[in-house]
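# Tertiary structure, described
Chain by chain, the residues run as shown.
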Amino acid sequence: MTDRAELFELLSRYADIADRREFTELPGLVFTDPLTIDFESVAGIPPMTVPLSDYVGIVRASFASFTATHHAITGHVIAVDGDRATIHAHVRAEHWLPAELAGDGPDRWLVAGFYDNEAVRTPDGWRLSRVRLTAAHQENPQLAGIAVAAGQAGRR
């Protein structure tokens, strides 16, 4: 495959981690170790560089309470410079909570925005070294906190 096609597929595998709940093999096929994450616009947490295993634990707990998620990543703009690449893409991410957690309120958390990611070529192929999500719009962001709290309670 060409670099652009491989990078396009890399973002598809990235979405599959949460949507297919595949936290074992896919993360190693998608990310460098360590990696830099920046979800400040969504979660209010400043950018940080973390070991891959820590990130996988966070993601697994964060998504454990959702009955389903769907991350549609489109409009890829890819720039390759040797063994480094940037990928700008649009995202619409939907996350549904079960009725027992949503109660009488809404059950869907929506995030619409952009990814501005960086990738590096490794001996095993392209891997994301930095993931930055910028939310342009959210609906029911309080559901994220409910899901994280329930996921953390489940880890105890």
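In what follows, the structure referred to is the one given above.
## Remarks on the pairing of strand E3 (residues 68-81)
- Across 12 bridges, E3 lies against strand E4 (residues 84-96) in antiparallel orientation. In the strand pairing of E4, Ala 72 is matched with Arg 92.
- Turn length for the E3-E4 hairpin, with the two strands adjacent in sequence and antiparallel, is two residues, and the turn residue Gly 82 shows positive phi of about 65 degrees.

## Looking at unusual backbone geometry
- Looking along the chain, the bond that leaves Asp 33 and enters Pro 34 is cis, with omega of 5 degrees.
- Phi is positive for Arg 21, close to 55 degrees, though the residue is something other than glycine.
- The topology assignment puts Arg 21 in the loop between helix H1 (3-19) and helix H2 (26-30).
- Positive phi, close to 60 degrees, is recorded for Asn 140, a residue that is not glycine.
- Counting through the fold element by element, Asn 140 comes out in the loop between strand E6 (125-139) and helix H6 (142-155).
- Residue Asn 140 is classed as partly exposed on the basis of its relative accessible area of 23%.

## Quick look at the pattern of salt bridges
- Enumeration over the complete set of coordinates arrives at nine salt bridges.
- The salt bridge partner of Asp 3 is Arg 121, with a shortest N-O separation of 2.9 Å. Taken as a pair, Asp 3 in helix H1 and Arg 121 in strand E5 (residues 108-122) lie far apart in primary sequence, 118 residues in all.
- Where Arg 108 meets Glu 94, a salt bridge forms, and the shortest distance between an N and an O atom there is 2.8 Å. Placement of the pair is Arg 108 in strand E5 and Glu 94 in strand E4, with a sequence separation of 14 residues.
- With relative accessibility at 14%, the residue Glu 94 sits in the buried group.
- Salt bridges linked by common partners bring Arg 92, Glu 94, Arg 108 and Glu 139 together as one network.

## Topic: the sheet that holds E5
- Across the sheet, which stays open at both edges, the six strands sit in the order E2-E1-E6-E5-E4-E3 with mixed pairing between neighbours. Both outer strands of the open sheet, strand E2 (48-50) and E3, are each paired with one neighbouring strand and no more. Averaged over all pairs of adjacent strands, the angle between their axes in this sheet comes to 20 degrees, without regard to strand direction.
- Pairing geometry for strand E1 (residues 31-38) and E6, over four bridges, is parallel. Paired with Phe 31 across the bridge in E6 is Leu 128.
- Along the sheet face, H1 touches E1, E3, E4, E5 and E6 and points at about 155 degrees away from the line of E3.
- Running at roughly 55 degrees to E1, helix H4 (residues 52-63) makes contact with E1, E2, E3 and E4 of the sheet.

Calculation notes
- Residues numbered from 1 in each chain as written.
- Predicted model: local features only at pLDDT ≥ 70, side-chain atom pairs only at ≥ 80, totals over all residues.
- Heavy atoms only, no water.
- Pairing = 2+ DSSP bridges.
- Helix = DSSP H or I, 4+ residues; strand = E, 2+ residues; numbered from the N terminus.
- Buried < 20%, exposed > 50% of the residue type's maximum accessible area, 1.4 Å probe, protein only.
- Salt bridge = Lys/Arg side-chain N within 4 Å of Asp/Glu carboxyl O.
- Axes fitted to C-alpha atoms, helices over the stretch in contact; angles between N-to-C directions.
- Contact = heavy atoms within 4.5 Å.

Just distances and angles here, no functional claims.
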